[in-house]
Amino acid sequence: MKASLIRYTQNLPDVKELGSELLLIHDDVLPRKSTTFKKWMKQIPLRYPVKAGEQLKDVSYFPKHISKITALCENASTKKLTVVVVGGGSVGDFGGFVASILKRGVRLVHIPSTWLAAIDSAHGGKTALNVGGAKNQIGTFYPAAEVCMVKSLLLSQPAPRAFEGFGELLKIALIEGGTLWSQLSKEFEVNEEVLWKYLAAAVKAKYKVVQKDPHEKKGHRHILNLGHTMGHVLESYYQLPHGISINYGVDFALRWSLEKKIMKESDYEEIIRKPVMAYLLSPSRDELLVTKSQALKEFRRLLLSDKKKTDSEVLRFIFVKKPGQTVVQEVHVDDILIEICRQKEEELNG
Ligand SMILES: NC(=O)c1ccc[n+]([C@@H]2O[C@H](COP(=O)([O-])OP(=O)(O)OC[C@H]3O[C@@H](n4cnc5c(N)ncnc54)[C@H](O)[C@@H]3O)[C@@H](O)[C@H]2O)c1
Ligand SMILES: [Zn+2]
């Protein structure tokens, strides 16, 4: 897989640098929120605004979208056309998929507008659509020729979204270990400036994993799922933002790693003593692990609907030995439920 060119800029790039003929697919909130963006986008005549969210990725709406997009690009040249996608992960998944099939594949540039997209989803080439409510069931591997990280665009998000972005940053820092972890872990507060400061290192760390397994054939990319097994359950059950759920999912994975003795107690103590962990551990987390049988039943169903399951009731779970060392183990879905009850019990006993 060809690596994407990554650029970090303060402001939106000169449109002439993005390609000779451009189709802009963008989140429709952006021009409403920023006059700078509105002015910038007007330099690109072919524009396709979309409403972000899972409905955009719903395959049943796709024929309508692609008909309109093809009509819009009727006179564009296959060789010269570049699809420029500006938005969060949903717009990126949709726009990347469009670029991969439009005229049998045209050049793609991602300009992420959410922290989640900047740290994670704009990199690695995965595009996706949802089928019948099930997430990411179809898609392509189609890395962008270029990913352009624009500080002013990322900072235009409301401040609470920094906490969401932190979930993905913490995940990749634990996977990478080394300097990224040792420096990030010393931070007392994670705000937008801190996210921007670590963005390049986080992106580099993701590419390191992706390059070893570009098409997810060898299983190496699974480690990027750290925090996501339990994270996805909490996300669906409580309708929480993705990044927040991942914060909780990472915490769950660390505690289980200790319980299973994959992580040494001294290593666990060292991790949770780090200043940044105080930021992670919100008291409301304990209320999320409910152990009533009805909730557990629903957790079980959600765990099994995760597409990463390997066998009927077995899932691949990502544990942490220490920062920089992850361990993938197959676990039975009921083992996860038992662990939820154990962690809840541990909390209740203080
Ligand atoms: N392809 C991958 O590798 C990959 C990885 C992780 C997640 N994803 C996908 O990413 C999606 C989630 O990403 P997301 O959280 O970025 O979602 P999103 O695109 O739905 O954006 C979330 C919200 O933020 C708004 N928004 C976007 N930019 C903004 C800005 N600058 N200022 C204010 N509001 C802004 C959007 O309108 C939307 O309401 C999911 O569909 C998930 O499946 C893909
Ligand atoms: Zn994620």
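Across soluble globular proteins, nonpolar side chains have a tendency to be buried as a group. Counting residues in hydrophobic clusters, the biggest one holds 91 residues, and the most contacted among them are I25, F94 and I336. Top contributing element to this core by residue count: helix α9 (residues 192–212), with 11 residues. When we break this core down by domain, the ones giving at least three residues each are domain 1 (5–154) and domain 2 (164–348). Those residues within four positions of F94 in sequence are excluded, and the remaining contacts are I25, Y48, V50, L56, F62, H65, I69, A128 and L129. If you look at the next biggest cluster of nonpolar residues, it comprises 17 residues, including L12, V15, L30 and V86.

You can read the domains of the protein as domain 1 (5–154) and domain 2 (164–348). Computed over C-alpha atoms only, the centres of domain 1 and domain 2 are separated by 28 Å. Taken together, the contact between domain 1 and domain 2 spans 20 residues of the former and 21 residues of the latter. For the pair domain 1 and domain 2, the summed buried area comes to about 1900 Å², and 68% of that belongs to carbon and sulfur atoms. Taken together, the connections running from domain 1 to domain 2 amount to three salt bridges. Here K206 and D120 are joined by a salt bridge, their closest N and O atoms 2.7 Å apart.

Let's shift gears to the coordination of the zinc ion (ligand 2). The protein atoms that coordinate the zinc ion (ligand 2) are E168 (OE), H228 (NE2) and H242 (NE2), at distances of 2.0 to 2.1 Å. By relative accessible area, which is 6% here, H228 ends up buried.

The strand order across the open sheet formed by six strands is β1-β8-β5-β4-β2-β3, and the pairing between neighbours is parallel. Unpaired on one side and paired on the other, β1 (5–9) and β3 (46–50) mark the two borders of the sheet. Taking each pair of neighbouring strands and ignoring which way they run, the sheet shows an average axis angle of 15°. Two elements, strand β5 (residues 107–112) and strand β8 (residues 146–150), share two bridges in a ladder whose sense is parallel. Across the sheet, the residue bridging to V109 is E146, located in β8.

Calculation criteria
Per chain, residue numbering runs from 1 following the sequence as it is written. Key to labels: chains lettered from A, ligands numbered from 1, both in the order written. Reporting in this predicted model follows two pLDDT cut-offs: at least 70 for local features of residues, and 80 or more for side-chain atom pairs to be given and counted; totals over whole chains, interfaces and linings ignore these cut-offs and use all residues. Hydrogen atoms and water are omitted, and side-chain values are computed over all heavy atoms in the structure. In this description, a nonpolar core means a group of buried Ala, Val, Leu, Ile, Met, Phe, Trp, Tyr and Cys residues linked to one another through side-chain atoms lying within 4.5 Å. Burial classes: relative accessible area under 20% of the type maximum marks a residue as buried, over 50% as exposed, and values in between as partly exposed (1.4 Å probe, protein chains only). By the criteria applied, helices consist of DSSP H or I runs no shorter than four residues and strands consist of E runs no shorter than two, each listed in order from the N terminus. Boundary definitions for the domains trace back to an automatic or database domain assignment. In this analysis, two residues are considered to be in contact whenever any of their non-hydrogen atoms come within 4.5 Å of each other. Throughout, the accessible surface (probe 1.4 Å) given up by two parts as they are put together, summed over both, is called the buried area. Just to be clear on terms, a salt bridge is a Lys or Arg side-chain nitrogen sitting within 4 Å of an Asp or Glu carboxyl oxygen. Counted as coordinating are nitrogen, oxygen and sulfur atoms within 2.8 Å of the metal, or 3.2 Å for Na, K and Ca, while water is not included, which may make sites look incomplete. Here, a strand pair is defined by DSSP locating no fewer than two bridges between the strands. For helices, the axis comes from a line fit to the C-alpha atoms of the stretch in contact; other axes are also lines fit to C-alpha atoms, and the angle between any two N-to-C directions lies between 0 and 180 degrees.

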